[in-house]
Amino acid sequence: DTALQCAAALIATDSTSQGATVPASVASIRRHGPLPTSSRVIVRRRSTAPFIADISIIDHDGNVVIDMSGVEFRPIAPPAPLHSRLDRVFYEPEWE
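Because the structure is predicted, anything quoted here is derived from the model rather than measured.

A. Region of the structure containing the pattern of salt bridges. Applying the stated criterion across every chain, the model contains two salt bridges. Ionic pairing is found between R46 and D54, a salt bridge with its closest N-O pair at 2.9 Å. Here R74 and E72 are joined by a salt bridge, their closest N and O atoms 2.6 Å apart.

Here's what the structure looks like:
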């Protein structure tokens, strides 16, 4: 789950992000060894529309223990309407 969250964080930094996204499919998962208590995650972006990434979990020696390839993320909620996004940028003073 944490490895997928790392990819989701990468999506959130993308200016074309369309709201909340979740993993929708995985082309393949390969387990090369036991999952250590402490590990690192490497996310490699393959495409942005839709967002597809390869995710590797590596141990402290740099050995890949889990490889997920072709992890596709899809939006679960439509993006906010343009006028509601602009409300955070523009304002109109109202005198009373």
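B. Structural context of the side chain of D54. Here D54 lies in strand β3 (residues 51-58). Note on D54: relative accessible area 15%, which makes it buried.

C. How the structure looks around helix α1 (residues 2-12). Turning to α1, its buried residues are A3, A7 and I11. One side of α1 holds all its buried residues, which, seen down the axis, span an arc of 95°. Turned more than 90 degrees from where α1 packs its buried face, T2 and A12 sit exposed.

D. Broad picture of the confidence of the model for the protein chain. Of all residues in the protein chain, 82% have pLDDT values of 70 or greater, and the mean over the chain is 85. Mean pLDDT across the elements of the protein chain bottoms out in helix α2 (residues 82-86) (69) and peaks in β3 (95).

About the cut-offs
- Residues numbered from 1 in each chain as written.
- Predicted model: local features only at pLDDT ≥ 70, side-chain atom pairs only at ≥ 80, totals over all residues.
- Heavy atoms only, no water.
- Salt bridge = Lys/Arg side-chain N within 4 Å of Asp/Glu carboxyl O.
- Helix = DSSP H or I, 4+ residues; strand = E, 2+ residues; numbered from the N terminus.
- Buried < 20%, exposed > 50% of the residue type's maximum accessible area, 1.4 Å probe, protein only.
- Arc of directions from axis to C-beta.
- pLDDT = per-residue confidence, 0-100.

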